[in-house]
Amino acid sequence: MSYEPIKFYQTGTFTIGNRLLAPEQRTGQADMGRTNSLNSGHRACQGCGEALGARYAIDAVMRATGNQMIACNATGCLEVFSTPYPETSWQIPWIHSLFGNAAAVATGVAAAMKVKGKKDVRVIAQGGDGGTTDIGFGCLSGMFERNDDVLYICYDNQAYMNTGVQRSSATPPAARTATTMPVGPEPGNAWGQGKNVPQIAMAHGIPYVATATVADLHDLEAKVKRAMEFRGARYIHIFVPCPLGWGAASHDTIRLARLAKETGLFPVYSAEYGEVVSVSKIRQKQPVEDYLRPQRRFAHLFGKNPNVEVIARFQEMADRNIRKFGLLDDNK
Amino acid sequence: MENKQIDKPFAITLDVGSSLANKTGSWRTFRPVYLQRIPPCNNQCPAGENIQGWLFHAESGNYREAWKTLTADNPMPGVMGRVCYHTCESACNRGQLDSAVGINSVERFLGDEALKQNWQFDKPVKESGKKVLVVGAGPSGLSAAYHLRRMGHQVTIQEAGPVAGGMMRFGIPKYRLPREVLDGEIQRIVNLGVDLKLNSKVKDIQETMKAGGYDAVFLAVGAHIGKRTDIPACEGSRILDAAAVLRSMEGEDKPMLGRRVAIYGGGNTAMDVARTAKRLGAEEVVVIYRRTRDKMPAHDFEVEEALQEGVLMKWLSTIKGMESGVITVEKVALEEDGALSPTGEFETLEADSLILALGQDVELSLLENVPGMEIKNGVVHVNQHMMTGAPGIFAGGDMVPSDRTVTVAIGHGKKAARHIDAWLNGGEYVKPAKHEVATFDKLNTWYYTDAPKTVRPMLDIIRRQSTFEEVQGGLDENNALFEARRCLSCGNCFECDNCYGVCPDNAVIKLGPGKKFEFNYDYCKGCGICVEECPCGAIKMVPEQI
């Protein structure tokens, strides 16, 4: 279940709030008393999509649980920039153990809460795409399979940014990273399946799986709220652009997330018990070039002799998503 | 000695601290700042209205406040919402998105609402003790009187005619401006404490000033003498001037124009008089104009509406003469450089009367012998303070060089009032520096929902040809609110909370409803997301001074 867009002429449907809307129609981030779970002073880069996505999501969890929550964090940017010893930016109970075991730690914390009879305290695990799709994947799949009462949130910025932009199984094809240089006959990351964790999570048949981006806060908050209505394993995959790793301008973070969705490259949907229940339709369809061009990790596709073949393969990828999820409105 | 570290858990040596100790603002090379840009509509308005400002109040349904904001610049929204050529709508950024905001129709709604609710202007807070005379009760005179009165001056209007309104009454037909609207808005200005003297023509301005003890005077006598052209005409040829015809529409005896009427000229007055002739029962109304349609000074919608109502047009033609109901017309050719050359081809057409709509002159007799007064090409010369060469005598409206529209005249009234006020206080009015314009590229239009313009109802064509009922209808409250909310609020914060929401560093402080936001530069890293995601372009990045 996604949110129902508000019919409003000026703005309101897409903005964070609006003076003319009733408070319940605004996002939680418009509230002057919002939690700011991830506080100022963190060391994330300028325009960090992950810092923004984490505050959006965790604030929403705090609202849904009446501030009764514990977060378990995987190693990664989010952990490093928020907690350089002895400082912390987190204004919530928060624990970090290892890179690959966030889901397992969360399982343990959830079990401890059960033993202590604290049914109202909810448990979150969170990590980047590296800690989720690669290193922590075994623990994550186990958590799904056991249907442990944990919401796992993955902030996907498509590479290991913290250690210097190495490829992960979430890195898109052709992208330049420190380990996939734009050289040779197929420059950048190799073409392949990658690892589509939302689809894999759905295959586990867990109660709730959703994708979201930092460009649509109404949708993101509605999904977190919905996820907290279930008991059992839940998974939300949030698309968070990384200005540093992608070679993008720091002010373009939200614009790129919006373009990823509007091109069809990142389908935004939700599924319950393995079945898709909502998709966010494309509002203004854009060609994939508009998304690729502002990012220097794709610079080798443009320039004097644009690699039209590769760009066309991206377009195919987007079109396949559009067909598969029905991303275009039938009326349009 | 006590060792504090002993009390801590295993491997912990320092107390937990908040990251608030880390002032990330020091990373910044550019800083975001809130600003107000001038919306294109405000920038365009000849009356200097704060259009975005009054739409802002209308959006929340606070029509009273919207009307107050509007009338701070223009006292006649009901008139303006009907007769203004709304160049603001051509400038509106929304035009590049779907269609321009129907500013004019919302203005009319506010004007009508004010008349319905009988809203009145606030009286001046204190009296200045100065006396100002306004000559002429047309749009610029009424506007100046209104503004001067609100500034606390004692204002007298002397009007030569039997009723106030000037060209709004004698130049604009009823089907475009119903008289009860005009009367209502004039009465409201009078209620403010303006002394309106009708049937009192000023014959000698210096004498009148001295006799009345006036400290300053604003001349706004307009231009109402129809220009003539040398047309050889014999007995039985009925040649009238357009200004006189429109004026006589206000009296008891309607002008007798006959069955076939010809109009000479291509301006808005020509269209008005043609459409009036049609309504008076003329079967054949033909406008004769020496250039082509695209060269016509008349506004396109007026030409279009006239054509719809059955008015005929004869382009590239000049009138050579008129003899017992027959007009001789010569075809002219338009040269590439825009000049006209006669072709020697003649034709005739029958007409019971010929109405000349060739522009109007100013009656300047009251200014004779005023030292310093400069008159060029039949209009009065004024400096940038709207003052004539004679100290304390200001002038505006159609009698000075201008576009001669009601909106421009009303703008002149406001401008002159400010300069007169400054002059009376022994100073000079300095215009505040203009903000930069909020152009379309400053907006992030993703955030605006699609909403096409609400079209005002038009009067049925049959009724338009035979009656003087108002052609264009108004909006009701529902669609006026809809229309107001289509405003993009270009360049001015409307509290959508985007900057507050999208900052990854919580470096935007929300100050509460109506108080907007401020930046917390201790933590702002200068990423610029707030600028990029501000829908209306009310934030910009400026380099840090290092």
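Here the structure is a predicted model, which means the values were calculated and not measured. (Residues numbered from 1 in each chain as written. Chains lettered and ligands numbered in written order. Predicted model: local features only at pLDDT ≥ 70, side-chain atom pairs only at ≥ 80, totals over all residues. Heavy atoms only, no water.)

1. Notes on the overall build of chain B
Going by this rule: Secondary structure elements are defined from DSSP: runs of H or I of at least 4 residues count as helices, runs of E of at least 2 residues count as strands, and each element is numbered from the N terminus. Relative accessibility decides the category of a residue: with a 1.4 Å probe and only protein chains considered, values under 20% of the type maximum give buried, values over 50% give exposed, and everything between is partly exposed. Should any heavy atoms of two residues lie within 4.5 Å, those residues are counted as being in contact. Surface accessibility follows the Shrake-Rupley procedure with a 1.4 Å probe radius. Residue values consider only the protein chains on display as shielding. In this count, Lys and Arg are taken as positive residues and Asp and Glu as negative ones, while His and the chain termini are left out. Where a charge sits is defined by one atom per residue type, namely NZ (Lys), CZ (Arg), CG (Asp) or CD (Glu).
A count of helices and strands for chain B gives 18 helices and 22 strands. Principal axes of the C-alpha set define a box for chain B whose edges measure 125 × 55 × 50 Å. When burial is assessed residue by residue, chain B has 54% of its 546 residues classed as buried. Sequence-distant contacts, at least 24 apart, represent 71% of the contacts inside chain B between residues at least 6 apart. When the accessible area of chain B is evaluated, it comes to approximately 23900 Å², of which 51% is carbon and sulfur surface. With 63 positive and 71 negative side-chain charges, chain B shows a separation of 3 Å between the mean positions of the two kinds.

2. Observations concerning the packing of helix 1 (residues 49-65) of chain A against helix 7 (residues 217-227) of chain A
Residues and elements named next belong to chain A. So the rule is basically this: The angle between two axes is taken between their N-to-C directions and runs from 0 to 180 degrees, where each axis is a line fitted to C-alpha atoms and a helix contributes only its stretch in contact. In what follows, roughly perpendicular refers to angles from 65 to 115 degrees, roughly parallel to angles under 35, roughly antiparallel to angles over 145, and oblique to any angle outside these ranges. Each crossing gets its handedness from the near helix: less than a right angle anticlockwise from the far helix is left-handed, clockwise is right-handed. Classification used: nonpolar for Ala, Val, Leu, Ile, Met, Phe, Trp, Tyr, Cys and Pro, charged for Asp, Glu, Lys and Arg, polar for all others including Gly.
At their nearest, the axes of helix 1 and helix 7 sit 9 Å apart, and the two run at 45 degrees to each other. Put simply, helix 1 runs oblique to helix 7. Where helix 1 crosses over helix 7, the handedness of that crossing is right-handed. Where helix 1 approaches helix 7, its residues Tyr56, Ala57, Ala60, Val61 and Arg63 are matched on the opposing element by Leu217, Leu220, Glu221 and Val224. A breakdown of the residues in the contact of helix 1 with helix 7 according to their chemical character gives 7 nonpolar, no polar and 2 charged.

3. A look at unusual backbone geometry
Residues apart from glycine generally show negative phi values, whereas peptide bonds are mostly found in trans. With an omega dihedral of 0 degrees, the bond running from Tyr85(A) to Pro86(A) counts as a cis peptide bond. If you trace the backbone, Pro86(A) turns up in the loop between helix 2 (77-82) and strand 2 (87-88). We note that Lys516(B) has phi near 65 degrees; this positive angle belongs to a residue other than glycine. Along the chain, Lys516(B) turns up in the loop between strand 20 (508-510) and strand 21 (517-519).

4. Observations regarding the UniProt feature "domain: Thiamine pyrophosphate enzyme TPP-binding" (unreviewed entry) in chain A
For clarity, the cut-off: UniProt positions are given in the numbering used here, feature names are shortened, and annotations may be inferred rather than shown by experiment.
When the UniProt feature table is mapped to this numbering, "domain: Thiamine pyrophosphate enzyme TPP-binding" (unreviewed entry) covers residues 75-238 of chain A. Helix makes up 33% of residues 75-238 of chain A and strand 18%. Its end C-alpha atoms lie 17 Å apart.

5. Considerations on the nonpolar core
Under the convention used in this document: Throughout this description, the term nonpolar core refers to a set of buried Ala, Val, Leu, Ile, Met, Phe, Trp, Tyr and Cys residues connected via side-chain atoms within 4.5 Å.
Core analysis: the biggest nonpolar cluster contains 71 residues, and Ile58(A), Ile124(A), Tyr155(A), Ile238(A), Tyr291(A), Leu301(A) and Phe314(A) have the highest contact counts within it. Here the element with the most residues in this core is helix 1 of chain A; it accounts for 9 residues. Dropping the residues within four chain positions of it, Tyr291(A) is found in contact with Gln158(A), Phe239(A), Trp246(A), Leu256(A), Leu259(A), Ala260(A), Thr263(A), Leu265(A) and Arg297(A). One finds Leu148(B), Ala164(B), Ile186(B) and Val406(B) within the second-largest nonpolar core, a separate group that totals 64 residues.

6. A few points about the sheet that holds strand 3 (residues 94-96) of chain A
Residue and element names in this part refer to chain A. Condition: One requirement defines pairing of two strands: DSSP has to find at least two bridges between them.
The 8 strands lie next to each other as 3-1-4-5-7-6-8-9, forming an open sheet whose pairing is mixed. Since the sheet does not close on itself, it has two edges, and those belong to strand 3 and strand 9 (275-279), each with one partner. With direction set aside, neighbouring strand axes in the sheet form an average angle of 20 degrees. By the bridge criterion, 6 bridges tie strand 4 (residues 122-128) to strand 5 (residues 150-156) in an arrangement that is parallel. The residue bridging Gly127 from the neighbouring strand is Cys154, located in strand 5. Strands in contact with helix 5 (residues 137-146) are strand 5 and strand 7 (234-239); relative to strand 7, the strand with the most contacts, it is inclined by about 140 degrees.

7. What to know about the sheet that holds strand 13 (residues 326-334) of chain B
All names here are of chain B. Across the sheet, which stays open at both edges, the 3 strands sit in the order 12-13-14 with antiparallel pairing between neighbours. At either margin of the open sheet sits one strand with a lone partner, and together these are strand 12 (317-323) and strand 14 (340-350). The sheet shows a mean angle of 25 degrees between the axes of neighbouring strands, direction not considered. Pairing of strand 12 with strand 13, which is carried by 6 bridges, proceeds in the antiparallel orientation. Bridging from a neighbouring strand, Gly321 pairs with Thr328 of strand 13.

8. Section: helix 3 (residues 102-115) of chain A
Residue and element names in this part refer to chain A. Keep this limit in mind: Here a helix's expected span is defined as the number of its residues, less one, multiplied by 1.5 Å.
With 14 residues, helix 3 should reach 20 Å at 1.5 Å per residue; the first-to-last C-alpha distance of 20 Å fits that figure. For helix 3, every residue scored as buried is listed here: Ala102, Ala103, Val105, Ala106, Thr107, Val109, Ala110 and Met113. Tucked into the core, helix 3 has its buried residues touching strand 1 (69-73), strand 3, strand 4, helix 5 and strand 5. Of the residues trailing helix 3, Gly117 is marked for its positive phi of about 75 degrees.

9. Examining the pattern of salt bridges
How we decide: Each reported salt bridge corresponds to a side-chain nitrogen of Lys or Arg within 4 Å of a carboxyl oxygen of Asp or Glu.
One pass over the full model with this rule turns up 53 salt bridges over all chains. Notably, a salt bridge pairs Lys223(A) with Asp219(A), separated by 3.0 Å at the nearest N-O pair. Of this pair, Lys223(A) and Asp219(A) both sit in helix 7, 4 residues apart, roughly one helical turn. Here Asp441(B) makes a salt bridge to Lys442(B), at a shortest N to O gap of 3.5 Å. Judged by relative accessible area, which is 61%, Asp441(B) ranks as exposed. Given a relative accessible area of 28%, Lys442(B) falls into the partly exposed group.

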